[in-house]
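# Structural overview for review
In case you want the letters, here they are:
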Amino acid sequence: MGRLSLGQQGLIWCLIFVVLDAAQAVYFGGILQRLDGFLMGGLVFGLSSIGCILWTVFRRPQQLQVVFDNRPSVLGVNLSAAGGWMAYFIAIQVIEPAVAFTIFSGVIPLTTIVAKRMGFAEAQSSRNGVEALGNGVLTLGMLLLAAFTLLGWSGFVRGGIGTGLLGLVFSAIAGILIAMMLLYSKRLDLRGLEPVPQFGFRFPIYLVLTAIGYASGIDAKAAVPFTDLLYAVAIGMVVLAFPIYAVQKAVSLTTSLTISSVAAIAPLIVFGLQVLEGRVDYSNSTSVGLAVYFMGAIIAAVGSAHAATRTKSLV
């Protein structure tokens, strides 16, 4: 068997992220949501972050200098990651989660393309006609979902047109910020910061926010046995922390647009898993918008995969 190219390895890590993230959203959400979200986030990402920092200190201490020399980009990763997930959390509270998740996911590759036109060296434009066509269809699907939400045809809006617009805006902001996180991560990778240190040093601001949220009781839940907490944290390490590490590995192996394009198919995988589980409950209008989006995401992913696998093989 021939050796995998860098691009092929990057695609594999992208798919690991998408599949685990989708599985978390469908199968493990109920388990994880019985606990305070801020407590879970703090424990899972706090413990994994500390572990990665300690590994860096003892095994790759020279990487600490890379972190110090690139403080603005490290700060950018922290701010964009924390802001992105906070904006997404707001969005799913006020509009149909399927709409919020889809717009959030689709905005990521589109932001990467726009960032290239704005002069970001780490960003990319569509690399072939298939990818460009897919992104066009994907955009049409998102516009349909946005229109259906504002018209009141989606499955859920917590309020009127103003609330629907707020949810759509925060979904888009979340996608933009996560795209910027990927671009900052790529910049740090190009400057020599490896995946494990990147993982460790990307969460300080997020952890501060989770500590504030937990202390404030924003998402307070009933107390659970300590063994249940340990079980949830163990699951979280696999389906929450490890997918983020998979993204870091993908960043070191392939381009930001490839990662964004593959991540954009996450709503399709979530939808498929929910169909198998039998808990799908979307409005007819939402289903139409999702179908258009899914078609575009698949086309774009095919074009992106073709471009990625042309990366030079490892030696």
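Residues numbered from 1 in each chain as written. Predicted model: local features only at pLDDT ≥ 70, side-chain atom pairs only at ≥ 80, totals over all residues. Heavy atoms only, no water.

### Focus: the overall build of the chain
Under the convention used in this document: The helix count covers DSSP runs of H or I at least four residues long, the strand count covers runs of E at least two residues long, and both are numbered beginning at the N terminus. What the globule rule says is 2.2 Å times the number of residues to the power 0.38, and the radius of gyration is computed from C-alpha atoms. Exposure categories follow from relative accessible area, calculated using a 1.4 Å probe and restricted to protein chains: below 20% of the type maximum is buried, above 50% is exposed, and the middle band is partly exposed. Should any heavy atoms of two residues lie within 4.5 Å, those residues are counted as being in contact. For every accessible area listed, the method is Shrake-Rupley and the probe measures 1.4 Å; residues are considered covered only by the protein chains on display.
Scanning the chain from N- to C-terminus turns up 13 helices and 0 strands. Each helix (α) and strand (β) of the chain, taken in turn from the N terminus, gives the series α-α-α-α-α-α-α-α-α-α-α-α-α. Its C-alpha atoms give the chain a radius of gyration of 19 Å, within 12% of the compact-globule value 20 Å for 315 residues. Based on the C-alpha atoms only, the size of the chain along its principal axes is roughly 55 × 55 × 40 Å. Taking all 315 residues of the chain together, the buried fraction comes to 50%. Residue pairs in contact within the chain that sit at least 24 positions apart in sequence constitute 88% of those at least 6 positions apart. Looking at the chain as shown, the accessible area adds up to about 14500 Å², and 70% of this sits on carbon and sulfur atoms.

### Side note on the pattern of salt bridges
The condition that has to hold: When a carboxyl oxygen of Asp or Glu is within 4 Å of a side-chain nitrogen of Lys or Arg, the pair counts as a salt bridge.
Tallied over the full model, the rule gives 3 salt bridges. Close ionic contact of Arg 60 with Glu 194 constitutes a salt bridge, the shortest N to O distance being 2.2 Å. Separated by 134 residues along the polypeptide, Arg 60 in the loop between helix H2 (37-59) and helix H3 (62-69) and Glu 194 in the loop between helix H7 (161-190) and helix H8 (195-201) bring together distant segments of the chain. When its relative accessible area of 27% is taken as the criterion, Arg 60 is described as partly exposed. Among the residues examined, Glu 194 registers a relative accessible area of 24% and is labelled partly exposed.

### Notes on the packing of aromatic side chains
What counts is decided by this rule: Two aromatic rings from Phe, Tyr or Trp, using only the six-membered ring of Trp, form a pair when their centres are within 6.5 Å; if the ring planes differ by under 30 degrees the pair is stacked, by over 60 it is edge-to-face, and anything between is tilted. Each ring is checked for a lysine NZ or an arginine CZ that lies within 6 Å of its centre and within 35 degrees of its normal; such an atom marks a charge sitting over the ring.
Applying the stated criterion to the full structure yields 15 aromatic pairs. With a centroid separation of 4.9 Å and 35 degrees between ring planes, the pair formed by Tyr 88 and Phe 104 is classed as tilted. With Tyr 88 in helix H4 (residues 71-94) and Phe 104 in helix H5 (residues 97-117), this residue pair connects regions lying 16 residues apart in the sequence. The structure contains a cluster of three or more aromatic residues connected by ring pairs, namely Phe 45, Phe 199, Phe 203 and Tyr 206. Its guanidinium or amino end placed over the ring of Phe 203, Arg 202 lies 5.7 Å from that ring's centre, counting from NZ or CZ.

### Observations regarding the packing of H5 against helix H11 (residues 256-263)
Threshold: Axis geometry follows a simple rule: fit a line to the C-alpha atoms, using only the stretch in contact for helices, then measure angles between N-to-C directions, giving values from 0 to 180 degrees. With respect to orientation, any angle under 35 degrees is reported as roughly parallel, any angle over 145 as roughly antiparallel, any angle of 65 to 115 as roughly perpendicular, and every other angle as oblique. By definition, any crossing whose near helix is turned counterclockwise from its far helix by less than a right angle is left-handed, and any crossing with a clockwise turn is right-handed. Amino acids outside the nonpolar list (Ala, Val, Leu, Ile, Met, Phe, Trp, Tyr, Cys, Pro) and the charged list (Asp, Glu, Lys, Arg) are all regarded as polar, and Gly is one of them.
Look at H5 against H11: their axes get within 8 Å of each other, and the N-to-C directions meet at 160 degrees. Here H11 runs roughly antiparallel to H5, going by the angle between their axes. The chirality of how H5 crosses H11 is left-handed. Contacts between H5 and H11 pair Ser 105, Ile 108, Pro 109, Thr 112 and Ile 113 from the former with Ser 256, Leu 257, Ser 260, Ser 261 and Ala 263 from the latter. A per-class count over the contact of H5 with H11 returns 5 nonpolar, 5 polar and no charged.

### Regarding H3
The test is simple: By construction, the arc corresponds to the directions joining the helix axis to the C-beta atoms.
Buried within H3 we find Gln 63, Val 66 and Val 67. One side of H3 holds all its buried residues, which, seen down the axis, span an arc of 100 degrees.

### A closer look at a nonpolar patch on the surface
Keep this limit in mind: Patch membership needs two things, relative accessible area over 30% and no salt bridge, and members are linked within 9 Å if like-charged or within 5 Å if nonpolar (Val, Leu, Ile, Met, Phe, Trp, Tyr).
Taken together, the side chains of Ile 50, Leu 54, Val 57, Phe 58 and Leu 64 present a nonpolar region at the surface, about 470 Å² in accessible area. Examined against the element boundaries, Phe 58 turns out to sit in helix H2.

### Brief notes about the side chain of Thr 111
The topology assignment puts Thr 111 in helix H5. In this view, Thr 111 contacts Gly 175, Ile 176 and Ala 179; residues no more than four positions away in its chain are not counted.

### Things to note about the nonpolar core
Inclusion rule: The nonpolar core is taken to be a set of buried Ala, Val, Leu, Ile, Met, Phe, Trp, Tyr and Cys residues, with the residues joined through side-chain atoms within 4.5 Å.
One finds Phe 45, Phe 104, Leu 182, Phe 199 and Tyr 293 to be the most contacted residues of the largest nonpolar core, which totals 77 residues. Apart from the residues lying within four places of it in its own chain, the contact partners of Phe 45 are Phe 203, Tyr 206, Leu 207, Leu 240, Ala 241 and Ile 244.

### Let's talk about the environment of Val 130
Here Val 130 is to be found in helix H6 (residues 129-150). It is 8.2 Å that separates the C-alpha atoms of Val 130 and Ser 304, two residues lying 174 residues apart in sequence. Setting aside its immediate chain neighbours within four residues, Val 130 contacts Ile 299, Ala 300 and Gly 303.

### As for the confidence of the model for the chain
Note the threshold: On a scale of 0 to 100, pLDDT captures the predictor's confidence in every residue.
When pLDDT is averaged along the chain, the result is 88; 94% of the residues meet or exceed 70. Averaged pLDDT values for the elements of the chain fall to 80 in helix H12 (residues 266-277) and rise to 97 in H3.

### Quick look at the environment of Ala 172
For Ala 172, the location among the structural elements is in helix H7. Remark: the alpha-carbon pair of Ala 172 and Ala 87, spanning 85 residues in sequence, is separated by 8.7 Å. If we ignore the near neighbours within four places in the chain, the residues touching Ala 172 are Ile 103 and Val 107.

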